[in-house]
Amino acid sequence: MPKILFVLTGTDFWTLADGTKHPTGFWAEEAAAPYEAFTAAGYEVVVATPGGVVPTVDKSSLAPEFNGGQEGADKVAALVDSLTELRHPIRLEDVDLADYAAVFYPGGHGPMEDLAVDAASGRLLIDALNSGKPLAVVCHGPAALLAATKDDGTNAFAGYKVAAFTNDEETQSGFADKAKWLLETRLVEAGVDVQVGEPWVPKVVVDRNLITGQNPASAAPLADRVLRELG
């Protein structure tokens with residue numbers, strides 16, 4: 001059975017500008033919706049995190065207001081709870097890209113804390129980009145792109161068109177004035193061509209083998225696009 005690698009944040013907090021630690025992790029919908037799509041299409045999902053730590057779901061992402069009501073919240077919570085792969089991650093540092101048909105990075109604020117500065121993740125992203133395999137990243141997951149630095153100091157994704165969680169969305173979430181830095185701003189500073197869509201509306205951008213989504217609502221259509229690329 002072909003495999004798709006899910007690279008998840010390993011942290012359960014995000015350090016804000018004032019030094020406080022905001023509880024976070026990965027965003028439930030952004031892992032659950034693609035997991036359902038990929039496994040239904042016959043792919044095995046393997047989860048990797050920095051150090052192989054068991055990833056933490058952001059409790060906020062299980063709230064009814066983010067899942068279309070209580071029924072949706074119950075469904076996504078049950079699905080996340082059923083994903084045994086989450087309880088047995090491999091070490092990100094030990095990943096062999098040759099084992100996987102595609103690589104996927106969900107979001108949540110967690111990647112802002114660890115994957116944005118994780119050297120092993122940065123190397124994997126560069127290798128995945130160069131491999132031609134589908135590389136999919138959604139919402140705050142593109143924070144990981146910031147660690148993909150080439151030997152000459154430039155970012156490997158400079159010049160690529162990318163969708164990512166926008167400054168407007170961070171503002172509407174109530175975190176823009178609390179964050180140490182904003183994802184859209186930092187990506188632009190790294191030379192990435194951020195394609196800004198309407199807040200909270202699904203938006204998927206494809207540039208060569210890089211497939212990116214702007215927000216949680218983009219996770220399912222992003223997964224569909226990955227499957228189309230895999231044929």
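Residues numbered from 1 in each chain as written. Predicted model: local features only at pLDDT ≥ 70, side-chain atom pairs only at ≥ 80, totals over all residues. Heavy atoms only, no water.

**Q** Go over the overall build of the chain, please, and point to the residues and values.
**A** Across its full length, the chain holds eight helices and eleven strands. The C-alpha radius of gyration of the chain comes to 16 Å, within 12% of the 17 Å expected for a compact globule of 231 residues. In terms of overall dimensions, the chain has C-alpha extents of about 40 × 40 × 35 Å along its principal axes. A total of 231 residues make up the chain; the buried ones form 53% of that total. Look at the contacts in the chain between residues 6 or more apart in sequence, and 74% of them connect residues 24 or more apart. With the model as given, the accessible surface of the chain reaches about 9700 Å², and the carbon-plus-sulfur share is 49%. (Helix = DSSP H or I, 4+ residues; strand = E, 2+ residues; numbered from the N terminus. Rg over C-alpha atoms; globule rule 2.2 N^0.38 Å. Buried < 20%, exposed > 50% of the residue type's maximum accessible area, 1.4 Å probe, protein only. Contact = heavy atoms within 4.5 Å. Areas by Shrake-Rupley, 256 points an atom, 1.4 Å probe, with all protein chains shown as cover.)

**Q** Residue-level account of the sheet that holds strand β11 (residues 210–213), with values.
**A** One open sheet accounts for seven strands, arranged β5-β4-β1-β6-β7-β11-β10; its pairing is mixed. Taken across any chain shown, the strands that pair with only one partner, and hence form the sheet edges, are β5 (90–91) and β10 (204–207). In the sheet, strand β4 (residues 44–49) pairs with β5 via two bridges, with the strands oriented parallel. Residue pairing for β5: Ala48 is matched across the bridge by Ile90. Against the sheet, helix α1 (residues 28–40) makes contact with β1 (3–7), β4, β6 (102–105) and β7 (135–138), and its axis sits at roughly 175 degrees relative to β1, the strand it touches most. (Pairing = 2+ DSSP bridges. Axes fitted to C-alpha atoms, helices over the stretch in contact; angles between N-to-C directions.)

**Q** Could you give an account of helix α8 (residues 219–230), with specific residues and numbers?
**A** Counted at 1.5 Å a residue, the expected span for α8 with its twelve residues is 16 Å, and the 17 Å between its end C-alpha atoms agrees. Taken together, the buried positions of α8 are Ala219, Leu222, Ala223, Val226 and Leu227. The buried side chains of α8 occupy one side of the element, clustering within an arc of 140 degrees when seen end-on. Looking at the packing, one finds that the buried side of α8 touches α1, β6, β7, β10 and β11. (Expected span 1.5 Å × (residues − 1). Arc of directions from axis to C-beta.)

**Q** Summarise the layout of surface pockets; cite the residues concerned and give the values.
**A** Computed from the structure, the largest pocket encloses a volume of approximately 330 Å³. The wall of the largest pocket is formed by 18 residues, among which Trp27, Phe66, Phe165, Ser173 and Trp200 lie closest to the centre. Taken together, the elements giving at least two residues each to the lining of the largest pocket come down to α1 and α6 (167–173). Split by residue class, the lining of the largest pocket holds eight nonpolar, six polar and four charged. (1 Å grid on protein atoms, 1.4 Å probe; cavity = no way out; pocket = protein on both sides within 12 Å on 5 of 7 lines; lining within 4 Å. Points joined across faces, edges and corners; volume = space filled by probe spheres on them. Nonpolar A, V, L, I, M, F, W, Y, C, P; charged D, E, K, R; others polar.)

**Q** Just give me the short version of unusual backbone geometry, but keep the residues and values in it.
**A** Here the phi dihedral of Cys139 falls at roughly 60 degrees; this positive angle occurs in a residue that is not glycine. You can see Cys139 is positioned in the loop between β7 and β8 (161–162). On the basis of relative accessible area, Cys139 is assigned to the buried category, the value being 3%.

**Q** Tell me about the nonpolar core, and name the residues and values.
**A** One finds Leu5, Phe6, Phe38, Tyr105, Leu135 and Phe157 to be the most contacted residues of the largest nonpolar core, which totals 70 residues. Considering each element in turn, this core owes the most residues, six residues, to α1. Sequence-distant contacts of Phe38, that is, excluding residues within four places in its chain, are made with Ile4, Phe6, Tyr43, Val45, Phe104, Ala223, Val226 and Leu227. (Core = buried A, V, L, I, M, F, W, Y, C linked by side-chain atoms within 4.5 Å.)

**Q** I'd love a proper account of the packing of α1 against α8, names of residues and values included.
**A** Where α1 meets α8, the axes come as close as 8 Å, and the angle between the chain directions of the two elements is 35 degrees. With respect to the hand of their crossing, α1 and α8 are arranged in right-handed fashion. For the pair formed by α1 and α8, the contact residues are Glu29, Glu30, Ala33, Pro34, Ala37 and Phe38 on the first element and Ala219, Ala220, Ala223, Val226 and Leu227 on the second. Its residues assigned to classes, the contact of α1 with α8 comprises nine nonpolar, no polar and two charged. (Left-handed = near helix turned anticlockwise from the far one by under 90°.)

**Q** I'd like a rundown of the side chain of Thr15, residues and numbers included.
**A** Tracing the sequence through the fold places Thr15 in strand β2 (residues 13–15). For Thr15, a relative accessible area of 14% translates into the label buried. Residues contacting Thr15, with those up to four places away along its chain left out, are Thr20, Lys21, Glu113 and Lys180.

**Q** How would you sum up the pairing of β6? Please name residues and give values.
**A** With burial as the criterion, each face of β6 is covered, one bearing Ala102 and Phe104 and the other bearing Val103 and Tyr105. In this sheet, β6 lies alongside β1 in parallel orientation, the contact comprising three bridges. Looking at β6, one finds that Leu5 is bridged to Val103. Of the strand pairs in this sheet, β6 and β7 are connected by three bridges, and their pairing is parallel. Within β7, the residue paired with Phe104 across the bridge is Ala136.

So yeah, pure geometry; function would need other evidence.
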